[in-house]
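# Overview (structure and organization)
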Amino acid sequence: MARVETTSSRPYHLVIFGASGFTGQFVVEEVARTVSEGPKGDLKWAVAGRSKQKLEKVLEQAAGVLGKPELQTEVDVILADVGEPDSLAAMCKKAVIVLNCVGPYRFFGEAVVRACVENGAHHIDISGEPQFLEGMQLNYNSQAAETGVFVIGSCGFDSIPADMGVIYTRDQFRGTLTALESFLTISTGPEGGGLHEGTWQSAIYGLADRPNLKSLRRKFNWKPLPIVGSKLRHRGALFHSNEIQQYAIPFMGSDPAVVKRTQRFLAEEHQDTPVQYGAYAGVGGIGSVIKLMFAGMMFWLLVKCACGRNLLLKYPEFFSFGIFTKAGPTRKQMEGSSFQLSFYGEGYTDGQDPAQGKPNAKIRTRVQGPEVGYVATPIAMVQAALTILNEPAAMPKKGGVYTPGAAFAKTTLINRLNKHGIQFSVLMRVDGVLVVVFSG
Ligand SMILES: NC(=O)c1ccc[n+]([C@@H]2O[C@H](COP(=O)([O-])OP(=O)(O)OC[C@H]3O[C@@H](n4cnc5c(N)ncnc54)[C@H](OP(=O)(O)O)[C@@H]3O)[C@@H](O)[C@H]2O)c1
C-alpha cells in the first residue's frame, strides 16, 4: 500500500471518537483545556460519534463546566458509526489523530484502527485489553509502518503510568536497571470512588477470552526475552507487602503485558537491556481481602458462561461491591480520588557485570496523580496526542503499532505529564554503599 499523508493540513489535529461516552466526555474537556498546547499554540479539533444529539449535549456540558460557551458553536460534530466503514473512513481522512474512546475495544476497536491505517490518521486508544492491543500489533503493524501511521494503544491509566514509569526509573538509575516491581495504591475521599461500567464490560469479556490470548501470542513467534541480572521472583497470588504496608495481589490489568512488549521493542530496536517487571496492586486490610476473595470467586465462576456474564453485565454494582456502576463516579468522588504507583528497582552500577553476582544498587521512584479512570486517563491520552503533534522528530522513525513506552521513550511525554498533575519522581537511590534519599 502506498504511503498516506498524515499532515496538519487536515481540518482537525484531533478527532475524539466516542466523545459521548462516559470517558469520552472527560477527554473532550481535557482537549478543550489544552488547546494552547497544540502546534503553534493552536489545536483544531472535533468530536465524533453516532448520535449528533448526544455529541452536542457533551459540548454543551463541557462549555458549562469550563466556562467556554464557544465550544458549542466552534467545535464541529462528525457522525461516524463503527458499523459503517464509509463513515469511519470519512472521519479518519479529516484527522491527523483519532482519539478513540469507543470500547470495549475487542468489539469496536479493529474497524477504527483499520480505517485509520488506510486513511492516514494516527490512532490513540485507552484500551486495557491485551487481546485487542496485541491483535492490532499482529494484524496492522506492517501496514501501519508502510503508511506511516502510529497506532498507539493503552494510552490511559492503563498503561502510561506503568510503562513510562519503567522507562523513567531506568533513565534515573545510575547503571543498568535489571528488575522492577510496582505497587499501586488508590485513595478515595469521604465520598468514595469507583469506575463506570464500560471498564467492567471490557474486563468481563477480556477475562472470558483469556485462553485465546495464549494462541494469539504464539503467532508472534517471540523468542523469550533474555533475563539480565538476578531473576525477579514472582510474589504469590496474595501477600502482605512491606512496601505499601497492606495486602497486595498481582495487578490484573494490561500493565505487565504492555511493559513487556515495550521492553522487547527497546531491546530489539535499540539493544537496551530488558527490565524484568512485576506489577502488584494494594488491596487493604484483612476485611478488604475477604471481600475481594468472595467477589473474585464469584467473578471467575460467572465469567466462564454466557448466562453468568449476562448477570455480571446486568448488575455491575452488586458483583463488584459498588466499585463499578452504571452511572460512573460523580465529579466530587473524582476530585477526592488519587493514585500512587511505587516502583522498587534494582540493578548494577556501571562497571559491575550483571552476569556476575547480585545487584549492588537500588532505586525507588513514584508516579502519582489524580483519579485514574476519568481524570488521569484523559490527561495521559491527550498528552500522548500532543506529543505526536509537537515532537514528530522524537517519535519512532517508522509508523507501526506501538506501546506508549516504545512510541514515547525519546519524547518529553513525562515532562508534559508532570506539568499536568501526573508526577514522576525519584524517592531514593542506593548506589553501592551510598544512600541518597529525596523528599516528596
Ligand atoms: N485505560 C484506562 O485506564 C481506561 C479508563 C477509562 C476507560 N477505559 C476504556 O474506555 C472504553 C470506554 O469506556 P466508557 O466507560 O467510556 O464506556 P461508555 O460510556 O459505554 O462509552 C462507549 C462509547 O462508545 C460509543 N459507541 C458504542 N458503539 C458504537 C458504535 N457502533 N459506533 C460508534 N460509537 C459507538 C458510545 O456511543 P453512544 O453514546 O452513541 O452510545 C460511547 O460514546 C472502555 O473500553 C474502557 O475500558 C480505559
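These numbers come from a predicted model, not from an experiment.

## What to know about the site of the ligand
Near the ligand you find 31 residues, and of these Gly 21, Thr 23, Gly 103, Gly 156 and Gly 198 are the closest. Mapped onto the shell around the ligand, the elements with two or more residues apiece are helix H1 (22-33), helix H5 (105-119), helix H8 (197-208) and helix H15 (372-390). In terms of residue class, the shell around the ligand is built from 9 nonpolar, 18 polar and 4 charged. Shared between two domains, the shell around the ligand takes at least three residues from each, and those domains are domain 1 (12-157 + 376-416) and domain 2 (160-372 + 423-437).

## Thoughts on the environment of Tyr 205
With respect to the element layout, Tyr 205 can be found in helix H8. In this structure Tyr 205 comes out as buried when scored by C-beta crowding, with 20 C-beta atoms within 10 Å. Taking the C-alpha atoms as reference points, Tyr 205 and Phe 107, separated by 98 residues in sequence, lie 9.5 Å from one another. Excluding residues within four positions of it along the chain, Tyr 205 makes contact with Pro 104 and Arg 106.

## Describing the domain arrangement of the protein
Interface size, as often reported, equals the accessible area lost upon joining of the parts. Domain parsing of the protein yields domain 1 (12-157 + 376-416) and domain 2 (160-372 + 423-437). Of the residues lining the interface, 30 residues belong to domain 1; the matching set on domain 2 comes to 35 residues. For the side of domain 1 that touches domain 2, the secondary-structure elements that each account for two or more residues are H1, helix H6 (130-147), H15, helix H16 (404-408) and helix H17 (413-419). The biggest single contributor to the side of domain 1 that touches domain 2 is H6, with 6 residues.

## Points about the nonpolar core
Nonpolar side chains in soluble globular proteins tend to end up buried together. Grouped together as the largest cluster of nonpolar side chains are 107 residues, with contacts concentrated most on Leu 14, Val 15, Ile 16, Phe 17, Leu 99 and Val 151. Element by element, the count of residues in this core is highest for H15, at 12 residues. Domain assignment of the residues forming this core places at least three in each of domain 1 (12-157 + 376-416) and domain 2 (160-372 + 423-437). Setting aside anything within four residues of it in sequence, one finds Ile 16 in contact with Gly 24, Val 27, Val 28, Val 31, Val 47, Ala 48, Leu 99 and Cys 101. Counting 9 residues, the second-largest nonpolar core is a separate cluster that includes Ala 203, Ile 204, Tyr 205 and Leu 312.

## Considering the sheet that holds strand E3 (residues 76-79)
Pairing is parallel across the open sheet formed by 7 strands, whose spatial order is E3-E2-E1-E4-E5-E6-E15. Each edge of the open sheet is held by one strand with a lone partner, namely E3 and strand E15 (400-402). Taken over all neighbouring pairs, the strand axes of this sheet differ in orientation by 20° on average, direction set aside. Inspection of the sheet shows strand E2 (residues 45-49) paired to E3 by 4 bridges, in the parallel sense. In the sheet register, Ala 48 faces E3, and the bridge partner there is Ile 78.

Conventions and cut-offs
- Residues numbered from 1 in each chain as written.
- Predicted model: local features only at pLDDT ≥ 70, side-chain atom pairs only at ≥ 80, totals over all residues.
- Near = placed C-beta within 6 Å.
- Helix = DSSP H or I, 4+ residues; strand = E, 2+ residues; numbered from the N terminus.
- Nonpolar A, V, L, I, M, F, W, Y, C, P; charged D, E, K, R; others polar.
- Domains from an automatic or database assignment.
- Buried ≥ 20, exposed ≤ 12 C-beta atoms within 10 Å, placed from the backbone.
- Contact = placed C-beta atoms within 7 Å.
- Core = buried A, V, L, I, M, F, W, Y, C linked by C-beta atoms within 7 Å.
- Pairing = 2+ DSSP bridges.
- Axes fitted to C-alpha atoms, helices over the stretch in contact; angles between N-to-C directions.

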